[in-house]
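An overview of the molecular structure
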Amino acid sequence: GAQASRTGLHHRPSTGGCPRTRSIMGAMSITLLLALISGHSWTMVLGGVASADRGGRCSRKSGQCVDGPSPIVAGEDMLLSLKATMQKAQVSDGGSPAEPSSIHRSLKSVVGKSAKMAALMQQITELGATPMVSKTIGEMVDMIETTIETSIKTEHDLAQNLTDKAVAGIRHFTGIASEYYSGAVEADNAWVACARGRKQCVSDEEECAAASGGADANKTTKCQLAISKQFFHSVKVPTPSFDPSSFVCDHGAENECFDKLSHWNTQLDLDVETWIATWKRRVKDALTQNETAYDSADAKCQAATNIAESKKTECEYVQGNCTEKEVECQGAKARHDVAMCMFGDRLQELCKYKSEYDHLVQQITTTGTAHSDKDRREEWKTAQLLKCMLISHRSGSDFDQDNMAECQKADFEASFNEHVGELQLHKDLVQDLHDDVPFTCSQTSLKFSGYEVVLKQGVQALIVEAVNGDQFAPAINLKYGSQAFPMCASHSGVSSCASFDCPSDMVLREQNVCHLSSGCDAVQCCEIATPYCSNFVCPDDMVHVDGAANLRGADAATCCRAKPDCSTLGGNDCSEALPGWAGDHACVVHATTGGSTCSAYCAKASMECVRGQDNAGGCKLDPNHARQTTEQNGCLQSWGDQICACA
């Protein structure tokens, strides 16, 4: 009775029977109840009590007992052992996310066993609660509140935290993946555009080469004809019209031979003169004709040569453009591949969080899993039902079906929502994030520009065979850590640019990870350094050198020069009145040039003119600057006085 008063439990006086047997039977009944909660095997518990002491059995209703060896000590030891087990679970159970807690497993064994619980509680009532049993029941109420309810709340919070973390990861990587997708689309469009240009360029180059070959052939034909007409060969000697053998005379006739000789000579002179004149005329005519033909052929040769040379120059220009386009496209291809791989990595990370979220939601919304919300609600219902019946016992109620039925009237769902909470799975948010981007975690291919660039295989140069589209979607592997695209490195294959040796005109990028399966290259690891001197602060005794840059970093030697010594220049100092007019490395003065130029004025001080302009009084510039030549920044204008900048 004293023990019952201390525990606050209602104690019913026994109406008869065997007190010691009643005590152990009550202990055994509560032991079975604890066994339901602690997860111990009923057979083990019953066997443990039976083997400790083969005792009798008493009935409160009949008042009859069957005496036997007393098992009180064994029953109390069993209670203490089970209490220790529950207390150990209370201290050590961390609610691992991979597996339900031991207390949760214990409560799950209670679900569906309400009738057995009621029978046990009824048996406890019939046998009467001993002080130890009453104390144990009180401790059970405390344990339900401090351990079971707390554990349910802890695992509920854990499920919510894991859900929030997964959703935060989805939100974060959706944004990042979206940015990288835009970059990949932009890089893909640039690569496709460059590939089209490269394909057209190669076509133009081939067409130009064919035209150049035709022009060269025509040049050869025309010039060979000109060469054939370049040298003149005399025409065939004409046949004389007279016959020298026709001179015949008779020496017997006086003076006949000499007379005929004189006539023959006269005729011969006339015939030879005619023959020579004819020959000369023919040679002249042939020469004139040949020269005309040569001039025409030579002109055609020169024209064909000009056309061939022009076509050759044109083809060299086209070839140079093609070479530049090839280099440009190699860079565009590399940037395209890197952008695609970086996006693939980000999408894999997003899908990893999405997969974890989906798995978590599946665990939460089904039963028999580590994070089952339904199981937790059943556990809460069972614990609240047990606590209600135990508390009702304090108020004098019996452990019977009526008591259980009364306790079951409670709204356990509302109680769970109030004291534990409702899990927020954020499905609408996840769906909105899914709807806002052009990619999902279930697709096996993904469209970027929609065009496929096909390169000719086995050719060292970058030759574009075709650009197909406009619905092309390359295959993508969304398994985390794998090669998202064939040209990408897997996570285990990613290498660093740290030891990569960039070309002399480039420096290492801040981002130094190589994303391609081919390893590191200058496109991935290097960038043109442009630390222009405009950002460099020169020492007080130096001024900037305009436009200077150092590929390895800005420094005074590259970016600065000593301030000019203006003391020998003469004139009135206008540097403060005209700041920045000629830069900070020149002396600006109002000079009396006496009709000469600023160039001559500066030269007298062994300096060079940087700028010159007529003034409108003192250090004020005359805006009508174009009245004289503006060559060399106005240094060649001649005025009586003007503003000169010398360095």
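Cut-off values and rules
Residues numbered from 1 in each chain as written. Predicted model: local features only at pLDDT ≥ 70, side-chain atom pairs only at ≥ 80, totals over all residues. Heavy atoms only, no water. pLDDT = per-residue confidence, 0-100. Contact = heavy atoms within 4.5 Å. 1 Å grid on protein atoms, 1.4 Å probe; cavity = no way out; pocket = protein on both sides within 12 Å on 5 of 7 lines; lining within 4 Å. Points joined across faces, edges and corners; volume = space filled by probe spheres on them. Helix = DSSP H or I, 4+ residues; strand = E, 2+ residues; numbered from the N terminus. Nonpolar A, V, L, I, M, F, W, Y, C, P; charged D, E, K, R; others polar. Patch = residues over 30% accessible without salt bridge, like charges linked within 9 Å, V, L, I, M, F, W, Y side chains within 5 Å. Areas by Shrake-Rupley, 256 points an atom, 1.4 Å probe, with all protein chains shown as cover. Salt bridge = Lys/Arg side-chain N within 4 Å of Asp/Glu carboxyl O. Lys, Arg positive; Asp, Glu negative; His and termini not counted. Charge placed at Lys NZ, Arg CZ, Asp CG, Glu CD. Buried < 20%, exposed > 50% of the residue type's maximum accessible area, 1.4 Å probe, protein only. Phe/Tyr/Trp six-rings, centres within 6.5 Å; stacked < 30°, edge-to-face > 60°. Pairing = 2+ DSSP bridges. Arc of directions from axis to C-beta. Polar contact = N/O pair within 3.5 Å; in protein donor to acceptor, adjacent residues only side chain to side chain.

**Side note on the confidence of the model for the protein chain**
Of the residues in the protein chain, 73% have a pLDDT of 70 or more, and the chain-wide mean is 77. Confidence drops under pLDDT 50 across residues 1-32; counting only partners more than four residues distant or on other chains, this segment forms 74 contacts.

**With respect to the layout of surface pockets**
Size it by volume and the largest pocket reaches roughly 390 Å³. For the largest pocket, the lining is made up of 20 residues, of which His-336, Val-453, Phe-472, Pro-474 and Met-487 are closest to its centre. Listing elements by their share of the lining of the largest pocket, those giving two or more residues are α7 (131-228), α8 (256-365) and β1 (451-455). Here the residues of the lining of the largest pocket sort into 13 nonpolar, three polar and four charged.

**A few points about a negative patch on the surface**
Among the surface-exposed residues, Asp-428, Asp-432, Asp-435 and Asp-436 lie close enough to one another that they form a single negatively charged patch. Here Asp-432 shows up in helix α12 (residues 427-435). Its relative accessible area of 43% is what places Asp-432 among the partly exposed residues.

**Describing the side chain of His-336**
If you trace the backbone, His-336 turns up in helix α8. Residue classification places His-336 among the buried residues on the basis of a relative accessible area of 8%. Not counting the four nearest positions on each side in its chain, His-336 is found in contact with Ala-187, Asp-188, Trp-191 and Met-487.

**A word on the environment of Glu-452**
Turning to its location among the elements, Glu-452 is positioned in strand β1. When sequence neighbours within four positions are dropped, the list of residues in contact with Glu-452 reads Ala-466, Val-467, Asn-468 and Phe-472.

**Looking at unusual backbone geometry**
Look at the link from Gly-469 to Asp-470: it is a cis peptide, with omega at 15°. Inspection of the secondary structure assignment puts Asp-470 in the loop between β2 (464-469) and β3 (495-496). For Gln-632, which is not a glycine, the phi torsion comes out positive at approximately 55°. If you check the backbone angles, Asn-633 has positive phi at about 60° while not being a glycine. Take Asn-633: it is sitting in the loop between β11 (609-614) and β12 (641-646). Take Asn-633: its relative accessible area is 48%, and that puts it in the partly exposed class.

**Some details on the packing of aromatic side chains**
Summed over the entire model, instances satisfying the criterion amount to nine aromatic pairs. Ring geometry for Phe-173 versus Tyr-353: centroids 5.4 Å apart, planes at 25°, classification stacked. In this pair, Phe-173 is assigned in helix α7 and Tyr-353 in helix α8, connecting sequence segments 180 residues apart. Of the residues examined, Phe-173 reaches a relative accessible area of 14% and is grouped as buried. Between Tyr-181 and Phe-448 the ring centres are 5.4 Å apart and the planes differ by 35°, which places this aromatic pair in the tilted class.

**Quick word on the pattern of salt bridges**
Counting across every chain of the model gives 15 salt bridges. Here Lys-333 ties to Asp-337 by a salt bridge, and the two come within 2.7 Å at their closest N and O atoms. Here the residue Lys-333 and the residue Asp-337 both occupy positions in helix α8, the gap between them amounting to four residues, near one helical turn. One salt bridge connects Asp-373 with Arg-377, and the closest N-O pair in it is separated by 2.9 Å. Of the two residues, Asp-373 and Arg-377 both sit in helix α9 (residues 373-394), four residues apart, roughly one turn of that helix. Judged by its relative accessible area of 13%, Asp-373 is buried. Of the residues examined, Arg-377 reaches a relative accessible area of 14% and is grouped as buried. Connected via shared salt-bridge partners are Glu-145, Glu-149 and Lys-387.

**Focus on the pairing of β12**
Among the six residues in β12, five count as buried, and that is most of the element. With five bridges connecting them, β11 and β12 associate as antiparallel partners. Note that in β12 the partner of Gln-613 across the bridge is Ile-643.

**Comments concerning helix α11 (residues 412-419)**
If you check which residues of α11 are buried, you get Phe-412, Ser-415 and Phe-416. An end-on view of α11 places all buried positions within 100° of arc, on one side of the element. The N-capping residue of α11, defined by a side-chain oxygen 3.4 Å from the backbone nitrogen of Glu-413, is Asp-411. Positive backbone phi, approximately 120°, marks Gly-421, located one or two places after α11.

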